[in-house]
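# Working through the structure, step by step
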Amino acid sequence: MLKTLTLSPVAWSIRKCVAIASLAQSCPSLSSFLCFGADDSSMQAIGEAAVGWNKLKVLEAGPVNERALKHAASLHTLQTLRFSASSELTSDILEFCSPRATIEIAALTPLSLQAFMQNVRFSIQYLDLRCSLYDDVFPHLFFAHLKVCVAHPEKLKRLTLLTGTTSQQDAGNESIILTSLMLHPFLSFKGLEHLDLGHSCTAHLEDTFLTKLALSCPGLKELYLGDQKAWLIAPLLTFDGVTSLLKHCRQLLSLGVFFNATFESNVVYTAPVDAISPQIKNFLVGVSSINEPVKVTAVLSFLFPSACISYCNPKDTPEQLHGRLRKWGSVDKMFGIFVAARKQSWEQGWAEGKAAVEKIAMV
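As the structure is a prediction and not an experimental result, all values here were calculated from the model. (Residues numbered from 1 in each chain as written. Predicted model: local features only at pLDDT ≥ 70, side-chain atom pairs only at ≥ 80, totals over all residues. Heavy atoms only, no water.)

General note: in soluble globular proteins, nonpolar side chains tend to be found buried as a group. Counting residues in hydrophobic clusters, the biggest one holds 108 residues, and the most contacted among them are Phe96, Ile103, Phe122, Leu127, Phe143, Phe186 and Phe304. Setting aside anything within four residues of it in sequence, one finds Phe143 in contact with Phe138, Leu161, Leu178, Met182, Leu183, Pro185, Phe186 and Leu197. Judged by nonpolar contacts, the second largest core, of 5 residues, contains Ala230, Val287, Leu321 and Leu325. (Core = buried A, V, L, I, M, F, W, Y, C linked by side-chain atoms within 4.5 Å. Buried < 20%, exposed > 50% of the residue type's maximum accessible area, 1.4 Å probe, protein only. Contact = heavy atoms within 4.5 Å.)

Let us now look at the packing of aromatic side chains. Applying the stated criterion across every chain, the model contains 15 aromatic pairs. For the ring pair Phe83 and Phe96, a centre distance of 6.0 Å and an interplane angle of 10 degrees mean the geometry is stacked. Taken together, the positions of Phe83 in strand E4 (residues 80-84) and Phe96 in strand E5 (residues 94-96) put the pair 13 residues apart, joining distant regions of the chain. Note on Phe83: relative accessible area 2%, which makes it buried. Given the relative accessible area of 1%, Phe96 is considered buried. Among the aromatic side chains, those forming a connected cluster through ring pairs are Phe239, Phe259, Phe263, Tyr269, Phe283 and Phe304. (Phe/Tyr/Trp six-rings, centres within 6.5 Å; stacked < 30°, edge-to-face > 60°. Helix = DSSP H or I, 4+ residues; strand = E, 2+ residues; numbered from the N terminus.)

With parallel pairing, 12 strands are arranged side by side in an open sheet as E1-E2-E3-E4-E6-E8-E9-E10-E11-E12-E14-E16. Across the chains shown, the open sheet's two edge strands, defined by having one partner strand only, are strand E1 (4-7) and strand E16 (308-310). With direction set aside, neighbouring strand axes in the sheet form an average angle of 10 degrees. Note that strand E10 (residues 194-197) and strand E11 (residues 222-225) share 4 bridges and pair parallel. Considered in E11, the bridge of Asp196 is made with Tyr224. (Pairing = 2+ DSSP bridges. Axes fitted to C-alpha atoms, helices over the stretch in contact; angles between N-to-C directions.)

Where helix H9 (residues 239-248) contacts helix H10 (residues 293-303), the two axes come as close as 12 Å, and the packing angle between them is 10 degrees. When the axes of H9 and H10 are compared, the pair comes out roughly parallel. Contacts from Phe239, Thr243 and Leu246 in H9 reach Val296, Val299, Leu300 and Leu303 in H10. Of the residues that constitute the contact of H9 with H10, the class distribution is 6 nonpolar, 1 polar and no charged. (Parallel < 35°, antiparallel > 145°, perpendicular 65-115°, else oblique. Nonpolar A, V, L, I, M, F, W, Y, C, P; charged D, E, K, R; others polar.)

On to the state of the cysteines. Formally, a disulfide is one covalent bond, and it connects the sulfur atom of one cysteine to the sulfur atom of another. This structure, assessed with the given rule, holds 0 disulfides. Among the cysteines around Cys131, which has no disulfide bond, Cys149 carries the closest sulfur, lying 14 Å off. The thiol sulfur of Cys312 is not disulfide-bonded, and the nearest other cysteine sulfur, from Cys201, lies at 12 Å. (Disulfide = S-S within 2.5 Å.)

With that settled, the discussion passes to the packing of helix H5 (residues 110-117) against helix H6 (residues 142-149). The geometry of a pair of packed helices is captured by two quantities: the angle between their axes and the separation between those axes. Packing of H5 against H6 brings their axes to within 10 Å, and their N-to-C directions diverge by 25 degrees. Judged on the interaxial angle alone, H6 and H5 are roughly parallel. Our pair here, H5 against H6, has a crossing hand that is left-handed. Every residue of H6 that contacts H5 at Pro110, Leu113, Gln114 and Met117 is listed here: Phe142, His145, Leu146 and Cys149. For the contact of H5 with H6, a count of residues per class yields 6 nonpolar, 2 polar and no charged. (Left-handed = near helix turned anticlockwise from the far one by under 90°.)

In this structure, Asn65 sits in the loop between strand E3 (58-63) and helix H4 (66-74). Counting along the chain gives 20 residues from Asn65 to Ala45, while the straight-line C-alpha distance between them is 9.3 Å. The residues contacting Asn65, other than those within four sequence positions of it, are Met43, Gln44 and Gly47.

It is worth spelling out the side chain of Asp196 at this point. By the secondary structure assignment, Asp196 is in strand E10. Nearest to the buried, unbridged Asp196 among oppositely charged side chains is Arg130, at 7.4 Å. At 2.9 Å, the side chain of Asp196 forms a polar contact with the backbone nitrogen of Gly198. Discounting chain neighbours no more than four positions away, the residues touching Asp196 are Leu159, Thr160, Leu161 and Tyr224. (Lys, Arg positive; Asp, Glu negative; His and termini not counted. Salt bridge = Lys/Arg side-chain N within 4 Å of Asp/Glu carboxyl O. Polar contact = N/O pair within 3.5 Å; in protein donor to acceptor, adjacent residues only side chain to side chain.)

Here it is in structure tokens:
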């Protein structure tokens, strides 16, 4: 009995659509249906089949009609639902209430995604949002609308916003920057364990907001803020914000942040001891601002003694950022040396201290 079906038609014809629509009768026990290359012409056929499957665990397709979405979203067996957002929703509220399912919604731009969410309610724990392009201006109330859509914000565990392509013009476009005010609704998502805004420009986030986020979401295990693109806008976040985050989010395993890693001349920076995070295995810096690689390496090797340091180096990086990339390359080369030296110094200090204690005990 067929349980899994994967299709990838080159083109859709009436005959293919009829065959798809009849799948519910011929394969009533199907639990996994993946249709790559689905488009508007196949939407009705896939919808006709989907409403006949009552044991669906995985549904991955392009546009799916409202009837099929309502059916899939109500199934307690559902584990993964991936589809393209449609503007054809009626005034009825579409509820996604499979708590253990991952819901992934794709749309052309953040604005079209926001329009789709106006008639949607989520009672879920895992939500991935994907956009192909940026609008000229990122919708300022996007995350406020999202918060309204989530029935229990404190139960959301994972949230991802991915924008697929970024042009050279986008790299310096201040109209698409996410600000602390725009992200304020995240303070209500107190159960977050995974927050991925790595493909968004977070240059205008401030240290105070990062501290508030850390206090509101102490269970964060993975956090990514602007680290996956080469942004030209100077970031406002500093080491102070990063260390504050580390002090309050002690379960972090992976961290990516676009921040200002520069130091003033003749100023000695001392990172707080309670911010040391040996549990973090990956620290991603994007193309963060940097002026003195040696000082930065010293601080990072102190804070992240077990991590791999990564930076963003796309092929089309703007020329203005080449200097930053060279400096982060230097940090990458020196990091392991600094970590080893710190470990050796610690072990030597431990041995000397132990010997001194034993000597005192013998007196």
